[in-house]
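Listed here are the chains, written in short residue letters.
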Amino acid sequence: MCLSTYRKKRNFKSTPEPFGKSKRRTKQHIFVVQKHAAQRLHYDFRLELDGVLKSWAVPKGPSLNPSEKRLAVHVEDHPLDYASFEGTIPAGEYGGGTVLVWDRGTWTSTEPDDSLDRGKLTFRLKGEKLRGAWTLVRMKGQGNSKNWLLIKSRDEFADGSTDVTLESPRSVESGLTLEEFCDARKPSSEKSKNKASKVRSGPRR
Ligand code: MN
């Protein structure tokens, strides 16, 4: 478990992402789901384990419906301080695009420590949007497949009728949607509101 792959992929002179302090432990293990408008929108699902964030890119995002198994592509470990990262990675950089903290909280599991290594972990989430029991399971493939499935277990938090990514699109950090976040970051001359008022009032002198 080390952050060298994470660091190799990034140019820290240009990305606002954290370099990552050395590993540290917290009392409760955190999880975070980041909504990432990269070339393709996806959700990055991260579980704290062994002092880093174990990470999966989930193209469709998590589903509360136990019969919707969501592809989760295993990616490099991220530093713990990535969990609060919200910002825009410059275009052309690795993962260029805006990242929002879509959900966060803590997770627990009663399963052995090596469950993830062996390809299947069931755990409980206590987040603002995601709660109850979930399973991550590695798909059978040639060798050590990077493709996993993220599946909601059947419990009182399962919900077959709500699309949680559509119903709850906002950041739990800033309260903003992706569109609002991007708009707030633009220089004021480019903001859509200002644009509209400039059109009405004519160019400023
Ligand atoms: Mn991502």
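Remember, it's a predicted structure, so these values are computed and weren't measured experimentally.

Asker: Explain the coordination of the manganese ion here, please?
Answerer: Ideal geometry at a metal gives 109.5 degrees between four tetrahedral donors and either 90 or 180 degrees between six octahedral ones. Taken together, the protein ligands of the manganese ion are His 36 (ND1), His 42 (NE2) and Asp 44 (OD), with distances of 2.1 to 2.3 Å. Among the residues examined, His 42 registers a relative accessible area of 14% and is labelled buried. Judged by its relative accessible area of 6%, Asp 44 is buried.

Asker: What exactly am I supposed to notice about the packing of aromatic side chains here?
Answerer: Two descriptors summarise a pair of aromatic rings, namely the distance from one centre to the other and the angle between the planes of the rings. Applying the stated criterion across every chain, the model contains nine aromatic pairs. Considering the side-chain rings of Tyr 43 and Trp 102, the 5.5 Å spacing of their centres and the 80 degrees angle between planes classify their relative orientation as edge-to-face. Of this pair, Tyr 43 sits in strand 2 (residues 41–49) while Trp 102 sits in strand 6 (residues 97–108), placing them 59 residues apart in sequence. Judged by relative accessible area, Trp 102 falls into the buried class, the value being 0%. On the numbers, 6.1 Å between centres and 40 degrees between planes, the contact of Phe 45 with Phe 123 is tilted. You can see Phe 45 sitting in strand 2 and its partner Phe 123 sitting in strand 7 (residues 120–127), a full 78 residues away along the chain. The burial state of Phe 45 is the same as that of Phe 123; both residues are buried. Grouped by ring-pair contacts, the aromatic residues Tyr 6, Phe 12, Phe 19, Tyr 82 and Phe 85 constitute a single cluster. Above the face of the Phe 19 ring, Arg 7 is positioned so that its terminal group lies 3.9 Å from the ring centre.

Asker: How should I be thinking about the side chain of Ser 153 in this particular structure?
Answerer: Tracing the sequence through the fold places Ser 153 in the loop between strand 9 (147–152) and helix 2 (164–167). A relative accessible area of 18% places Ser 153 in the buried class. With sequence-adjacent residues up to four places away left out, Ser 153 is seen in contact with Pro 66, Ala 133, Trp 134, Thr 135 and Ala 158.

Asker: Please explain the pairing of strand 4 (residues 70–79) as it appears in this structure.
Answerer: Note on strand geometry: in a regular strand, side chains alternate between the two faces of the sheet. In this sheet, strand 4 lies alongside strand 3 (residues 52–58) in antiparallel orientation, the contact comprising five bridges. Counted as the bridge partner of Ala 57 is Val 73 from strand 4.

Criteria and cut-off values
- Residues numbered from 1 in each chain as written.
- Predicted model: local features only at pLDDT ≥ 70, side-chain atom pairs only at ≥ 80, totals over all residues.
- Heavy atoms only, no water.
- Donors = N, O, S within 2.8 Å, 3.2 Å for Na, K, Ca; no water.
- Buried < 20%, exposed > 50% of the residue type's maximum accessible area, 1.4 Å probe, protein only.
- Phe/Tyr/Trp six-rings, centres within 6.5 Å; stacked < 30°, edge-to-face > 60°.
- Helix = DSSP H or I, 4+ residues; strand = E, 2+ residues; numbered from the N terminus.
- Lys NZ or Arg CZ within 6 Å of the ring centre and 35° of its normal.
- Contact = heavy atoms within 4.5 Å.
- Pairing = 2+ DSSP bridges.

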